[in-house]
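Below, each chain spelled out in residue letters.
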Amino acid sequence: MLIVPEREIADLMTREAAFDAVERVFAAMASGNAYNFPVVREAIGHEEALYGFKGGFDQAGLTLGLKAGGYWPNNLEKRNLINHQSTVFLFDPDTGKAKAMVGGNLLTALRTAAASSVSIKHLAREDAKVIGMVGAGHQATFQLRAALEQRNFEKVIGWNYHPEMLPNIEKVANEAGLPFEAVALPDLREADVIISITSAFSPSVMADHISEGTHIACMGTDTKGKQEVEAELLVKASVFTDEIAQSVSIGEAQHAVGQGLIKGTDVAEIGAVINGTIAGRTSPDQITLFDGTGVGLQDLAVAAAVVDLAVKKGVAIEVDF
Ligand code: NAD
């Protein structure tokens with residue numbers, strides 16, 4: 001069995017490799033070659049932790065496994081460890097033998113950033129110039145850095161519930177040589193592309209904050225009850241997602257579907273757009289919305305890619321297991 005420790009991931013994994021792995025697995029999901037297993041998520045009654053498993057099998061890439069981990073809210077304060085902790089386990093689909101154990105913390109951030117980037121590549125207008133960020137936490141910096149590679153953006157605007165965190169994304173914008181402006185929510189109308197990545201349980205972004213022709217990637221809502229955008233926006237927009245079952249149950253679409261504003265059949269898989277089975281954006285005025293809920297297959301795809309890179313560079317630790 002191979003081990004790729006968390007400390008090696010930053011030097012091995014690139015945004016390009018994460019993007020390719022995620023784009024490929026979304027396409028495999030839509031063509032029926034890859035599927036996610038039901039998600040397990042439990043409050044374990046110890047250290048206030050939420051722990052669970054996200055797994056799946058990609059028959060096209062022959063990737064089988066799971067990501068185990070979750071959220072330990074006391075880690076940082078008590079142990080100087082980050083609160084999100086996860087590890088990916090890969091298995092040989094021919095034999096069931098354990099194949100690899102891979103640090104999953106940085107990979108989670110990279111695969112989530114890759115998902116909104118894949119949506120921008122396939123759904124945003126080619127002439128997009130202004131990108132808007134809603135959220136300025138840990139994940140927002142990854143989302144923005146990856147998104148900036150998808151279009152010739154000229155300006156970053158941003159809003160955050162805690163304005164004191166906005167310098168996090170301003171720094172990323174400036175590193176890319178772009179100006180940053182903190183804005184009020186209605187000023188998001190200036191944006192051609194928006195990424196929302198917050199832990200909100202009530203919507204900040206209203207339907208009339210979004211101009212015609214905008215692409216919005218909603219990335220924060222991955223649990224029942226969370227919500228970043230007004231449900232009405234999903235009526236105005238063409239809605240795409242990583243996985244429809246998750247979108248309507250734990251994603252942003254849970255609210256619009258729950259309120260009877262749209263149906264599950266109104267939500268399309270981004271993988272089908274990647275495969276060319278369905279159309280993505282069909283007009284410059286269309287609002288497109290990507291409901292990125294985060295699936296186990298994304299984790300497996302980036303973990304498999306990093307194992308290959310670790311073997312090539314000779315840094316994978318081999319153990320007799
Ligand atoms: P973080 O704690 O670093 O940042 C949280 C962000 O949410 C900050 O910008 C904060 O100001 C904002 N926020 C907090 N309360 C808010 C409120 N009431 N209204 C509006 N904004 C509020 O967290 P993070 O690591 O950046 O993750 C952000 C979210 O993304 C989390 O909800 C996480 O579960 C989710 N996430 C989703 C995926 C996916 O695949 N879809 C992957 C990773 C993380």
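Calculation notes
- Residues numbered from 1 in each chain as written.
- Predicted model: local features only at pLDDT ≥ 70, side-chain atom pairs only at ≥ 80, totals over all residues.
- Heavy atoms only, no water.
- Helix = DSSP H or I, 4+ residues; strand = E, 2+ residues; numbered from the N terminus.
- Buried < 20%, exposed > 50% of the residue type's maximum accessible area, 1.4 Å probe, protein only.
- Contact = heavy atoms within 4.5 Å.
- Polar contact = N/O pair within 3.5 Å; in protein donor to acceptor, adjacent residues only side chain to side chain.
- Near = heavy atom within 4 Å.
- Core = buried A, V, L, I, M, F, W, Y, C linked by side-chain atoms within 4.5 Å.
- Pairing = 2+ DSSP bridges.

K.L.:
Got a sec to walk through the environment of E149? Specific residues and values, please.
P.N.:
Structurally, E149 can be placed in the loop between α5 (138-147) and β9 (155-159). According to the relative accessible area criterion, E149 is partly exposed, its value standing at 41%. Discounting residues that sit within four places of it in the chain, E149 has contacts with R15 and E16. Among the polar contacts made by the side chain of E149, one reaches the side chain of R15 at a distance of 2.7 Å.

K.L.:
Kindly report on the side chain of Q298, identifying the contributing residues and their values.
P.N.:
Along the chain, Q298 falls in helix α11 (residues 296-313). On the basis of relative accessibility, which here comes to 1%, the residue Q298 falls in the buried class. Non-local contacts of Q298, meaning those with residues more than four positions away in its chain, are made with V22, V25, F26, R111, T112, A115 and D242.

K.L.:
Give a description of the site of the ligand that names residues and reports values.
P.N.:
Surveying the vicinity of the ligand reveals 23 residues, the closest of which are R111, Q139, N160, H162 and K226. Take H138: an N or O atom from its main chain is 2.8 Å from an oxygen atom of the ligand. Take T198: an N or O atom from its main chain is 3.4 Å from an oxygen atom of the ligand. Every element with two or more residues in the shell around the ligand is listed here: α4 (105-123) and α5.

K.L.:
Can you break down the nonpolar core residue by residue, with the values?
P.N.:
Among the nonpolar cores identified, the biggest contains 67 residues, and V4, M13, F26, V102, I131, V156 and I195 are the most heavily contacted of them. Broken down by element, this core gets its largest block of residues, 10 residues, from α11. When near neighbours in sequence (up to four residues on either side) are disregarded, I195 contacts S116, I120, I131, G132, M133, V134, Q143, A147, A217 and M219.

K.L.:
Give me the lowdown on the pairing of strand β13 (residues 238-241), citing residues and values where you can.
P.N.:
In the sheet, β13 pairs with strand β15 (residues 288-291) via 4 bridges, with the strands oriented parallel. When the sheet's bridge partners are listed, T241 is paired in β15 with D291. Taken together, the 3 bridges between β13 and strand β14 (residues 267-269) define a ladder with parallel strand orientation. Paired with V239 across the strands is V267, a residue of β14.

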